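# Structure at a glance
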Amino acid sequence: MVHRLKRINYPLLVGGVLLLFVMFAYFFPHLLTDMDPNVEEAAKYIEVRRGGELVEEYSTRPFPPNEENRFGSDEAGRDLYSRLIYGTRNTLRVAFSVVLFRMLIAMPMGIMAGMGVKTASIVINTFNTLFTAIPKLLISFVILNVAYFRNLEMQHSIWAFAIVLTVVGWSKVAALIEDQTSRIMQEDFIEGEIAAGKSYRQIGSQNLMPHLIPHVVSYTFMEIGMVLFLLAQLAVLTVFVGPRRIALAESFSAGFEMAFEPEWGSMLARAPIIIRSFHDRMWLIIYPALTFFLAITGFNLTGEGLRIEFQKRSSRVVSFIRQGFFFFSPRIYIEQWKNLKTYWRAVGVKTLGLVAVLLFFFFPPEPSMVQFNTEKAFEHLEVLTDESLEGRVIGFEGGRRSGDYIIHTLQDYGLEPWQGNYYHEFPSMDPGNTGYFERLVVEKATLVLEKNGIKETFHVNEDFFLPHLAKSISLDLYEGNVPEDGYTFEGRTITYEEDHIEIGLEPHIDPIPLIKAQGRQEVSRYFYVQGQSFGGSSPTELGFPTINAPAGVPYRLGIIYTDEFDDRIINTYSHTNTHIIPFGELREKLENADIHITLHLDPPKAPDYPGRNIMGFLPGRNWENEGPRDLVIIGAPYDGFYTGGREGFNPALSATAAATSLELARALSELDEPLEKSIMFIFFDGEQSEFPFRLRGSFQYNRSRGRFEQADFPYTYIEVGYTGNNQVNRMDINFVNGKGPGRESYFARDELLKRLNDLNVDYRMFYDNRRMTNYSLYSVSINSEFSMRFGGMYFPFMNLREDTIDEVNEDYMKDLGQIILDTVTLNPLFNGEGM
Amino acid sequence: MKTEFAVNLGKKIFYQAIVLVMILVIILIASGIPTDFNVYYEYGQYHWSMSLEEVRLNIFQHFQGFLSGEIFDVVIAGESIGTLFRSAFVLSLKVLFGGTVLAFLIGVPKGILDSRKRGKSGTFKLLQSYIPLSIPDVLTVGLVQFGAIYLYYNDITFFGLGPIHFLGDESWLSTIYPIISISILPAAYMSRITASTIEDLYTKQFIITARGKGCSFGQILRQHMMKNIVFEILSSSPTIMAVMFSSLIIIERLFYYQGLGYHLIFFFSSYSLTPEQASAAFAVFIMGLAFFYYMLFMGFKGMKTWILPKIKES
């Protein structure tokens, strides 16, 4: 008995058991846990053992180990155990990729060096020497810490890690293989083969490899253990694979990056912080570290166990590997084909295996249930960008007619009204509300400069833009008190400082310091971008200070200087102050001091209609059910920028979201069988707005009608973004997790990524809340199961002269539309099949 | 003969010096790349955050600063980089030296116990030496911290020393926990080396002879094996040292022990320094670390290649 126990290869046995568990978690994580690894819970009642009894107590994240969360939760409230289980795949994929790459380089180099190729030996030594001076950990940290690598999607991140860690680590493996090869080459049987006249290549493939492979197998396992060790170290230095997002202040501790996908290393990234309060939160470090330990031990022991096994003369494992080498040899396979009658069985087995491997890698993706028709989408785009609609501005005639078009189209497609109505109206003007920035239209304005008795006249949209009009003007419009001859601003420029030029109004008013803009990008982001921050969060270079003007002087004027300015259309909004942006010759002149300025505007036009969010509904099979009925909401903006009076401008990109959404409505309405879940299409008005958001249709929806949907129906939200032009080669996708238990965003996203790969879509996914400055996604996603936006929320070339229908990227629109259709029809979490 | 030896030695030293200079140049180039150099993604396209010309200029200024010595005078939080480096170096050296000694004191006896004196005694004991090799640094530190926190909060002292705080580097006592943490892995290596050396030697003829003459295992160990064990450990020093240097960075980071490793990570990832300060400080520290590490490594390699064989022969 004792003798038998002594014969057991304990490292192989223990290592094998550990690896079995690890690989089980790799392939079948859903059998080990039924929790979603991405669901974040902020606070809840947990059951914990106190003095041997199970008690319920209130806890906020991170939750300590309790009955529901066996290993506790991380700082985002995500179950640690399920993240470790699901993280097995991501972590091991990195380790396997690194080792595979290292072996692909190290094997040929090591074999060549071991067989006497000096160059190979020199290269190996050089790399070894280089990474002797610089610890591999440090160089890996420096390279992988570059922001570009930190933001890569998981698959690309794995590639990046594989390449970097291969470069720093292949030479050590190559040196081992070189050493082993040298030893084998000194064996008597090799000398015999050389004497028999075999070439080095033949000796290498026929004699060397069968003896080397067992050692390589052993090295491979131990190398995987070493790579996992390195990954654990890098993780402590906050370097780990996969995308990350910023933890915002409203969650918990703020301002650090947290991993989105489950991965072992990411759970150790906060170790230096957590260790300061280790006694309170030790589970956050101990469990991930233990997981690494078990996996590393498993691979190390298996490698060592195999090494022990290979040293045995009568090792069955070695025989098996050598036979396997023979079995998988292509040359033998071809020879057997030639003698098919004799070897039909072996050929049959090998051919079936080959077919299975090929099918695994090249199996065609599931076909789409319904196709997105780009031509039909472009038909809608043609209508929405018709010049007569003048840019589809909220509250104006063009905006109204574009809304009518959308309603009629939805009706033609057979979509039903939502709760009795195809639209929901909201005020397009509220001058008394400082949070409301109405759209106004100024058709005529002139700026007269006078210096040394010489007057020069400049015109709006030719020499300057008028992005803002004072709120008081808006109030006059609302109350019908607009002066017949319009508004006049007068003042004199005064040199103040090198970067500042002041303009005074009436003599008794303090001059307003004007601040020179730093660059075009800040200005364009400041004014023209839908959803970008404004006001309090704008950079100080672009601050528009208000002054405490004496009572009775309601109007103020500001001038913004930019280094460059694109020829674009802009909307005019009501604002605290009136502002102009001069360009070209006017700008040069204004930068001089001591000029008298007179700005005159004809009475602006105010909106004639209220804003309108348009809704169409496609009931699903679940709509007749009792109980909660899941809803999918597909939202898209449809308004744009005023184009009247600007020849040569007919921007198309701002209409692409609505055009895409209309085509989605058609495609889904023509399905033979309705989907399980019901779908509501919303077209938001007023999205081309500035901070604050109150005039936006999505804001109005969220605070009024939306509350009812969100309370009554569990829903997921998909936002249709803008299509890029032909310069854009990658689709932006924003994914927002669900909040609260039972929201399976991890699996939905997993399926989404698979489908994106099946369709060969080039994309960039974001999870960062900073990207949620598109207000509709931000507001509607709050109570959703999870939310996604496909497409851009803004492009810098929108509303330029070059923004035309011909420049719209058809492939981008096709991909955008198709991925949304496939998500709704094929993704099990959307089509009702469930995971 | 002696002349030929001297010439060969001279050539080897010259070659190593060239390699060292090349490595330092590469490090200087790499650390001269601005820390805010980035490829960022915006509106469907990738953009460089700065032009390659700006990067080249920064690297050039970096070289100038280093060669003129100005880089050492850059001030961070009231201290010059040179001063910071010296104090950090001393702190790290204490941990490395203490860790090495402790690893030897633990590893060798452990290896003696683990050794399978008769080759057919099974593989169970191998587990004991392999499992410690698989413990990631963060787990080691976590467990040491766990013990340290318990001792600290319960005011437990040892021989009048303590209670020792579990973080920081205020006093010499603060080196104790980092030393313990950094010694675990090298101790496992040394244990493994010791065990395998004993196993190899146990079947050698002169050992069999000694056993046959009635020498106890202790006598054999002291008189015949210890020398070989020390030789093998010294021969494996480059590997052990590589492990220790990597662990040093992690352990200093987790213990907030402000040695070289801690500062390197701090300079690279801190937002409280300007990119110029961070770049200069990082360059000085990594150059210093690389130089020290390389010299140490070459020293051990030289000892392994030339000195130890000669001692063995004699």
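Since this is a predicted model, take the numbers as computed values, not measurements.

So, on to the overall build of chain B. Per the secondary structure count, chain B includes 11 helices and four strands. Once the C-alpha set of chain B is aligned to its principal axes, its extents read approximately 80 × 65 × 45 Å. Every one of the 314 residues in chain B was classed for burial, and the buried ones make up 49%. Considering only contacts within chain B whose residues lie at least 6 apart along the sequence, 70% involve residues at least 24 apart. For chain B, the computed accessible surface area is about 15800 Å², with 66% contributed by carbon and sulfur atoms.

Let us look at the packing of aromatic side chains. The geometry of an aromatic ring pair comes down to the distance between the two centres and the angle between the two planes. For the coordinates displayed, the defined rule picks out 33 aromatic pairs over all chains. On the basis of an interplanar angle of 50° and a centroid distance of 6.4 Å, the ring pair of Phe27(A) and Phe28(A) is categorised as tilted. Relative to Phe89(B), the ring of Phe85(B) has its centre 5.9 Å away and its plane inclined at 20°; by these criteria the two rings are stacked. Of this pair, Phe85(B) and Phe89(B) both sit in helix H3 (residues 81–114), four residues apart, which is roughly one turn of the helix. For Lys44(A), the ring lying beneath its charged end belongs to Phe63(A), and the centroid distance is 5.0 Å.

The next thing to look at is unusual backbone geometry. Following Arg61(A), the chain continues into Pro62(A) via a peptide bond in cis, with omega recorded as 0°. With respect to the element layout, Pro62(A) can be found in the loop between strand S2 (53–60) and helix H3 (80–114). Positive phi, close to 55°, is recorded for Asn452(A), a residue that is not glycine. Mapped onto the fold, Asn452(A) is located in the loop between strand S7 (445–451) and strand S8 (454–459). Of note in the backbone geometry, Tyr256(B) takes a positive phi value of approximately 55° without being a glycine. Its place among the elements puts Tyr256(B) in the loop between helix H9 (237–255) and helix H10 (260–269). Exposure remark for Tyr256(B): the relative accessible area of 16% places this residue in the buried category.

Attention now moves to helix H2 (residues 52–68) of chain B. Counting along an α-helix, one turn takes 3.6 residues, and residues three or four places apart therefore face a common direction. All names here are of chain B. Here H2 is 17 residues long and its end C-alpha atoms lie 24 Å apart, about the 24 Å a rise of 1.5 Å per residue gives. When we look at burial in H2, the residues that qualify are Val55, Ile59, His62 and Gly65. Angularly, the buried residues of H2 cover 125° about the axis, an arc narrow enough to put them on a single face. Once H2 finishes, glycine 69 follows within two positions and takes phi at roughly 90°, a positive value.

Attention now goes to the domain arrangement of chain B. If you check the domain split of chain B, you get domain 1 (37–68) and domain 2 (79–313). Centre-to-centre separation of domain 1 of chain B and domain 2 of chain B, based on C-alpha positions: 38 Å.

This next bit is on a negative patch on the surface. All names here are of chain A. A grouping of Glu375, Glu379, Glu382, Asp386, Glu387, Glu647, Glu802, Asp806, Glu807, Glu810 and Asp811 is seen on the molecular surface, where their side chains present a negatively charged patch. Mapped by element, the contributors of at least two residues to the negative patch are helix H16 (374–384) and helix H26 (810–826). Here the element with the most residues in the negative patch is H16; it accounts for three residues. Structurally, glutamate 379 can be placed in helix H16.

Below, the discussion takes up the pairing of strand S2 (residues 45–48) of chain B. Residue and element names in this part refer to chain B. Both strand S1 (residues 39–42) and S2 contribute to a ladder of four bridges, which runs antiparallel. Note that in S2 the partner of tyrosine 40 across the bridge is histidine 47. Between S1 and S2, which pair antiparallel in sequence order, lie two residues; one of them, tyrosine 43, sits at a positive phi of approximately 55°.

Looking now at the packing of H3(A) against helix H9 (residues 200–236) of chain A. Residues and elements named next belong to chain A. Relative to each other, H3 and H9 sit at 140°, their axes nearing to 9 Å. The angle between H3 and H9 places the two elements in the oblique class. Viewed along their axes, H3 and H9 form a crossing whose handedness is right-handed. Looking at the contact of H3 with H9 residue by residue, the classes come out as 20 nonpolar, two polar and two charged.

Residues and elements named next belong to chain A. This structure, assessed with the given rule, holds 30 salt bridges over all chains. The shortest N-O distance in the salt bridge between arginine 281 and glutamate 75 comes to 3.5 Å. Linking arginine 281 in helix H11 (residues 278–281) with glutamate 75 in the loop between S2 and H3, this pair joins segments that are 206 residues apart in sequence. Overall, the relative accessible area of 26% leaves arginine 281 in the partly exposed class. The salt bridge involving aspartate 404 is made with arginine 612; its shortest N-O contact spans 2.9 Å. Pair noted here: aspartate 404 is in helix H17 (residues 397–412) and arginine 612 is in strand S17 (residues 611–618), with a separation of 208 residues, a long-range link. It is possible to trace a salt-bridge network through shared partners that takes in Glu41, Lys44 and Glu68.

This part takes up helix H14 (residues 330–338) of chain A. All names here are of chain A. Turning to H14, its buried residues are Ile332, Tyr333 and Gln336. Taken around the axis of H14, the buried residues stretch over an arc of 105°, which confines them to a single face. Every exposed residue of H14 that faces more than 90 degrees away from the buried side is listed here: Pro330, Arg331 and Lys338.

Let's shift gears to the interface of chain A and chain B. Counting residues at the interface gives 61 residues for chain A and 56 residues for chain B. Across the interface of chain A and chain B, roughly 5300 Å² is buried in total on both sides, 73% from carbon and sulfur atoms. If you sort the residues of chain A by the area they bury against chain B, Thr132(A), Leu138(A) and Ile275(A) come out on top, with a joint share of 11%. Across the contact surface, chain A and chain B share zero salt bridges. Joining chain A to chain B, the criterion identifies three residue pairs in polar contact (both at pLDDT 80 or more). For the side of chain A that touches chain B, the element with the highest residue contribution is helix H12 (residues 283–311) of chain A, accounting for 12 residues.

What follows deals with the environment of Glu263(A). Residues and elements named next belong to chain A. Among the structural elements, glutamate 263 can be located in the loop between strand S4 (257–259) and helix H10 (271–274). Taking C-alpha positions, glutamate 263 is 49 Å from lysine 338, a pair spaced 75 residues apart along the chain. When residues no more than four places from it in sequence are discounted, the contact partners of glutamate 263 are Arg83, Gly87, Asn90, Thr91, Phe240 and Val241.

Quick look at the confidence of the model for chain B now. Residues and elements named next belong to chain B. On average, residues of chain B score 82 in pLDDT, and 95% of them reach the 70 mark or higher. Predicted confidence in chain B is weakest over S1, with a mean pLDDT of 74, and strongest over H3, with 90. On the interface metric, ipTM, the complex scores 0.88, and its pTM is 0.80.

Let's shift gears to the sheet that holds strand S5 (residues 423–426) of chain A. Residues and elements named next belong to chain A. The eight strands are arranged S5-S17-S19-S18-S20-S23-S21-S22 in an open sheet whose pairing can be described as mixed. In this open sheet, the two edge strands, each paired with only one partner strand, are S5 and strand S22 (763–766). Averaged over all pairs of adjacent strands, the angle between strand axes in this sheet comes to 20°, irrespective of strand direction. Relative to strand S23 (residues 787–790), strand S20 (residues 715–720) runs parallel, the two sharing four bridges. Among the inter-strand pairings, isoleucine 718 is bridged to a residue of S23, identified as methionine 788. Relative to the sheet, H17 contacts S5, S17 and strand S19 (678–684), its axis offset from that of S17 by approximately 10°.

Here we come to the environment of Arg621(A). Residues and elements named next belong to chain A. Within the secondary structure layout, arginine 621 lies in the loop between S17 and strand S18 (631–637). Of the residues examined, arginine 621 reaches a relative accessible area of 43% and is grouped as partly exposed. Residues contacting arginine 621, with those up to four places away along its chain left out, are Pro674, Leu675 and Glu676.

With that settled, the discussion passes to the side chain of Ser266(A). All names here are of chain A. Tracing the chain through its elements places serine 266 in the loop between S4 and H10. A polar atom in the side chain of serine 266 sits 2.6 Å from the backbone oxygen of glutamate 263. Setting aside anything within four residues of it in sequence, one finds serine 266 in contact with Phe240, Ala259 and Glu261.

Residue and element names in this part refer to chain A. By the bridge criterion, six bridges tie S7 to strand S16 (residues 596–601) in an arrangement that is antiparallel. Across the sheet, valine 448 pairs through a bridge with threonine 598, a residue of S16. As judged from the six bridges shared by S7 and S8, these two strands associate in the antiparallel manner. Bridge pairing in S8 links threonine 446 to histidine 459.

This part takes up the nonpolar core. By size, the foremost hydrophobic cluster in this structure holds 166 residues, and its most contacted members are Phe161(A), Leu165(A), Ile177(A), Leu228(A), Leu234(A), Met225(B) and Phe285(B). Examining the composition of this core, we find that 17 residues originate from one element, H9(A), more than from any other. Setting aside anything within four residues of it in sequence, one finds Phe285(B) in contact with Ile81(B), Leu84(B), Phe85(B), Ala88(B), Leu260(B), His263(B), Leu264(B) and Phe267(B).

Calculation criteria
- Residues numbered from 1 in each chain as written.
- Chains lettered and ligands numbered in written order.
- Predicted model: local features only at pLDDT ≥ 70, side-chain atom pairs only at ≥ 80, totals over all residues.
- Heavy atoms only, no water.
- Helix = DSSP H or I, 4+ residues; strand = E, 2+ residues; numbered from the N terminus.
- Buried < 20%, exposed > 50% of the residue type's maximum accessible area, 1.4 Å probe, protein only.
- Contact = heavy atoms within 4.5 Å.
- Areas by Shrake-Rupley, 256 points an atom, 1.4 Å probe, with all protein chains shown as cover.
- Phe/Tyr/Trp six-rings, centres within 6.5 Å; stacked < 30°, edge-to-face > 60°.
- Lys NZ or Arg CZ within 6 Å of the ring centre and 35° of its normal.
- Expected span 1.5 Å × (residues − 1).
- Arc of directions from axis to C-beta.
- Domains from an automatic or database assignment.
- Patch = residues over 30% accessible without salt bridge, like charges linked within 9 Å, V, L, I, M, F, W, Y side chains within 5 Å.
- Salt bridge = Lys/Arg side-chain N within 4 Å of Asp/Glu carboxyl O.
- Lys, Arg positive; Asp, Glu negative; His and termini not counted.
- Charge placed at Lys NZ, Arg CZ, Asp CG, Glu CD.
- Pairing = 2+ DSSP bridges.
- Axes fitted to C-alpha atoms, helices over the stretch in contact; angles between N-to-C directions.
- Parallel < 35°, antiparallel > 145°, perpendicular 65-115°, else oblique.
- Left-handed = near helix turned anticlockwise from the far one by under 90°.
- Nonpolar A, V, L, I, M, F, W, Y, C, P; charged D, E, K, R; others polar.
- Buried area = accessible area lost by both parts, 1.4 Å probe.
- Polar contact = N/O pair within 3.5 Å; in protein donor to acceptor, adjacent residues only side chain to side chain.
- pLDDT = per-residue confidence, 0-100.
- Core = buried A, V, L, I, M, F, W, Y, C linked by side-chain atoms within 4.5 Å.

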